[in-house]
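Chain and residue survey
Listed below, chain by chain, are the residues.
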Amino acid sequence: MVFKQAKWDEPLIYELGCEGRIGFLVPEVEEDIRREVGEIQIPDKIRRENPPELPELSEVEVVRHFIRLSQMTYGVDNGPIPLGSCTMKYNPKISESIASDPRITLLHPLQDEDTVQGLLEIMYLLQKWLANIVGMDVCTLHPAAGAHSELAGVLIIRKYHELKGQLNRKKEIIVPDSAHGTNPASAAMAGFRVVTVRSAPDGNIDIEAVKAVVSDRTAGLMLTNPNTLGLFEENIVELAEIIHEVDGLLYYDGANLNGIMGYTRPGDMGFDIAHINIHKTFGSPHGGGGPGAGPLCVKERIVDPERNIKLSDLLPGPIVKYDNVRKKYYLKKPGKYSIGWLKSFFANTIPLIKAFIYIACLGPQGLKEVTEQAVINTNYFIKKLKDTKGYSLPYDPERYRKHEVVFSAKPMTQDVGVTAEDVCKGLLDAGFYAPTMYFPLIVQEALMIEFTDTETKENIDKYAERMKEIAKIAYENPEEAKKWPRNTVVTRVDLVKANHPKTVTPSWRVLKLRKEGKIK
Amino acid sequence: MSLVVHPWLPNSPKKIKEDMLKTIGVKEVSELFSDIPEKVRFKGEWDKLEIGFGRPLSELEIQRIIDDILSKNKVFKKPPVFLGAGVWPHYVPEVVKYIMSRAEFCTTYTPYQAEISQGLLQALFEYQSMIADLLEMEVVNASMYDWASAVAEAFLMALRVNKGKNRILIPSTMNPMHLEVVKTYTMPRGVVIEKVKYDSVTGLIDLEDLKEKVAKGNVAAVYIENPSFLGFIEENARDVGEIAHDGKALFIMGVDPISLGILKPPGALGADIAVGEGQPLGLGLNYGGPYLGIFAVKWDMKLIRQMPGRLIGLTTTVDGKDRAFTMILQTREQHIRREKATSNICTNEALCALGAAVYLALMGKHGLKKLGELILYRTNYAIKKMNTITGVKAPIFKSLHFKEFTVNFDKTNMPYTKIHKELLKKGIHGGLYLREFFPEFGETALYCVTELHTKDDIDLLIKSLKEIVEGWSR
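This write-up is about the structure you can find in this document. Please read these numbers as outputs of a predicted model, since none were measured by experiment.

A count of helical and extended segments in chain A gives 18 helices and 14 strands. Here the C-alpha atoms of chain A give a radius of gyration of 26 Å, agreeing with the 24 Å that 2.2 N^0.38 yields for 520 residues. Projected onto its principal axes, the C-alpha positions of chain A cover 75 × 75 × 50 Å. The proportion of buried residues among the 520 residues of chain A is 60%. Long-range pairs, those at least 24 residues apart, make up 72% of the contacts in chain A between residues at least 6 apart in sequence.

Before going further, it helps to examine the sheet that holds strand β11 (residues 432-433) of chain B. All names here are of chain B. Pairing is antiparallel across the open sheet formed by three strands, whose spatial order is β10-β12-β11. Bordering the open sheet on either side are β10 (404-408) and β11, each of which pairs with just one other strand. Here β10 pairs with strand β12 (residues 444-448) via five bridges, running antiparallel. Across the sheet, Val407 pairs through a bridge with Ala445, a residue of β12.

Attention now moves to the pairing of strand β8 (residues 312-316) of chain B. All names here are of chain B. The element β8 is extensively covered by neighbouring structure, given that four of its five residues are classed as buried. Sheet topology note: the β8/strand β9 (residues 323-327) ladder contains five bridges and is antiparallel. Opposite Thr315, over in β9, you have Ala324 as the bridge partner. In textbook terms, the turn of a hairpin is the stretch between consecutive antiparallel strands, and for β8 and β9 this stretch comprises six residues, one of which, Gly320, has a positive phi near 75°.

Listing the buried residues of helix α18 (residues 508-515) of chain A in full gives Trp508, Arg509 and Val510 of chain A. Check the buried side of α18 of chain A and you find it contacts α5 (118-135) of chain B.

Quick look at the nonpolar core now. In a soluble, globular protein the nonpolar side chains are often hidden away together inside. Residue and element names in this part refer to chain B. The biggest cluster of nonpolar side chains holds 343 residues, and the ones touching the most others in it are Leu124, Ala158, Ala221, Ile252, Ala296, Leu354 and Val358. Take this core: its biggest share by element is 22 residues, from helix α12 (residues 350-386). In contact with Ile252, other than residues within four places in its own chain, are Ala154, Ala158, Ala221, Tyr223, Ala271, Asp272, Ile273 and Val275.

For the rest of this paragraph, the subject is the environment of Asn379 of chain A. Residues and elements named next belong to chain A. Within the secondary structure layout, Asn379 lies in helix α12 (residues 349-385). Taking the number of C-beta atoms within 10 Å as the measure of exposure, Asn379 has 23 and is therefore buried. Distance from Asn379 to Leu12, taken between C-alpha atoms, is 44 Å for residues 367 residues apart in sequence.

Take the packing of helix α2 (residues 59-71) of chain A against α12 of chain B next. As a packed pair, α2 of chain A and α12 of chain B sit with axes 9 Å apart at the nearest point and diverge in direction by 150°. Taken together, the axes of α2 of chain A and α12 of chain B are roughly antiparallel relative to one another. Taken as a pair, α2 of chain A and α12 of chain B cross one another with a handedness that is right-handed. Two secondary-structure elements touch here, α2 of chain A through Glu59, Val62 and Phe66 of chain A and α12 of chain B through Val358, Ala361 and Leu362 of chain B.

What counts and what doesn't
- Residues numbered from 1 in each chain as written.
- Chains lettered and ligands numbered in written order.
- Predicted model: local features only at pLDDT ≥ 70, side-chain atom pairs only at ≥ 80, totals over all residues.
- Helix = DSSP H or I, 4+ residues; strand = E, 2+ residues; numbered from the N terminus.
- Rg over C-alpha atoms; globule rule 2.2 N^0.38 Å.
- Buried ≥ 20, exposed ≤ 12 C-beta atoms within 10 Å, placed from the backbone.
- Contact = placed C-beta atoms within 7 Å.
- Pairing = 2+ DSSP bridges.
- Core = buried A, V, L, I, M, F, W, Y, C linked by C-beta atoms within 7 Å.
- Axes fitted to C-alpha atoms, helices over the stretch in contact; angles between N-to-C directions.
- Parallel < 35°, antiparallel > 145°, perpendicular 65-115°, else oblique.
- Left-handed = near helix turned anticlockwise from the far one by under 90°.

Shown next as structure tokens:
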């Protein structure tokens, strides 16, 4: 396969254009209005004197500039992006088209509920569908992303213990060492001490290690299942018992939901709280980093029988309800036991609409098929690559993986000095996006690979072939591997210069000020 | 084996599936799930659960269903909603939509592999750069979720920078929806959020009260909005910053970027951190999101190292031959620093940031000034006309207003909820009723006028309000 990424010698937008050009015609203030209100004086101390230092381009220049930049970008529509734990599946075009309907995009989030009944109906159904998929009782669509939802989840854990009058001792959240970085980061934001527990050689969380740290101080456990090694946590039943025994709550990180739909659900596994990554499992595009959406679901667990407080009362943001009497959908605002609001308004509606279309077009049968396809693709790939000199498969190579697999390039690194990063650059050169590298942290020289349900068998074959070829070259001519990539827009990027305090350049303004000697 | 062959699942045909299973060495796909303990397996009838419409739907079927459902929404086009309060009806240029829908941008993710993601990285660098120039701040991150979460993160950052201090001062007129989010984020921190009084005539922050509160010490940050939630221009912003700095507190400013063609940017007013809502920059209303949280700091390594979120930087290739872009200062972030990270944010609003970059490129050096003036004049025209209605007073504070303004209906003797419903009957969506947030303002609503509201639209609103309230008092 020959691959050469499109490369334009495209200047920064500041280096384009010409004084006097405009890219957009702003209407004039109506003469009648000017006459009516007279001259308006903005007080000097708050009036902008110098126009912002923005470039001056015509419309066609703006379009060409960004189209060229898009051509120097690689998305799922260009080829496979098997970034592990990111679930980069195909994004259906029907969802894009429907989500751009002005009957959605022109709605103001504070608009009268009578005028948004259709939108609320969609969201009401979506709440219900998602609850069924994860086996929970109540979902809020409010959080904007997975990590946002995690923050909500740990704040709920905090609130739960507060309402039970035990927050003074419930100060710890247990997180496995294989967890996504967002888990410990979220727990810390909610003021918890993070207790990290190691993984056992079989890839499960070490249950003895959990027992050793569980105590009266344990507020909860955060877990993704299947875990980031792609392995199903077989001890989940016992884990749930241990945590519930000390009145801790179980939080399900939904990043890996693509590996279990139709087979088991967080609710079936004993989790109390679960988030869902709409942009991962339900096919809304990742947008170069976002937007996503992160619905949060809970079991209807009793928090306080006397005050009749249930876990769902703690959920953040508004929840769509249906009033049987008035025959109307409405937004139920967070009540007095809720952890409150995480963003100004309802939810990241656009990705949620796309999830609605996705689920409707697949139905329950299709979603189960999605999971089966994702898991078959992973294990098929393992079979193709396993036993290739240079790579190893840490943590019980005999176990089936689910949505993803983590190979290690450590043998190659030890033998000939070719690293996981080098392997990734070699994949880029063949026209593939690379796996997630150096994560999870418990695998050295990690290559975390997730093809998802939408990758063709042919591409998986080619990907495996390319990885074998890379290994072969690594052993025959390791110097060659250090020269990758050659076929991308640029060759390897200087990260030292990028990050050094004397050269770090996060904006054009910094570049200019440094040149003028105004900053160091 | 299930029997779903689906266009989104290339390996779903029976033959391919069987081939792959054979290679793996299993007969049934269920063997791949054999490690799921019996006890936690889903045992009900999956296909009977209410998930979707019970079976896979084709494009043409879902289109029809959605069309029926969406016809129940009421879209306000002529005139657009007179509703702002955090996000506002603004024009979305076609070029912005066109670029945002480019598949390469839309379907990629965080540019972990820089060499193959240069286009996206450059576009995000340009977003950071253009916002930096608009704000006159040096360092802008690649986005937060929205203004509310950005201001909440700014407060958390201020608490890290000013370790040991636990008071944060805010204006009493602060966007109440932002304040709710701030409360959620800061809840575990033991922070004291204190409201500074406003001048009862102008609405501006009371500088004497601010001085007194700062003098008590222990202040990590002072925050103001410009324009304020109620639409008035906070003309004493620089004084606020000086008072904050005298008390060794950080000065945080929240801004509406669309106002910065005509209003002084936070960098020129002494702000240490600036936040804002990028939604006006070509992103649409979208019933709640996605939007764009702007987050910026001035050039100070002490601040930069405490910033949340992703940052893109300019560098070169290792061989020094080419200009190149990459993610920088990642050791602040959760995937590396875990519980010691500056924030847990991972997925952000990058595509919206890209859209904002396109918007600013179109507007260029002078477009925002022209747009700002258009909005300013129309706002003040609407204010003037409001006061011609019997019993109506606008605004409640005597200051210059931009884009939004309060309208008080106390003297019409008509409850605002009633006025609102009557307007709806005429196909007009009025402003936000403020009683829930500011009961002291009586029957007051917050109205919004932008470049989308023509003189005719405004005149129609005034005429309709006149009919409603003057008809009522008769």
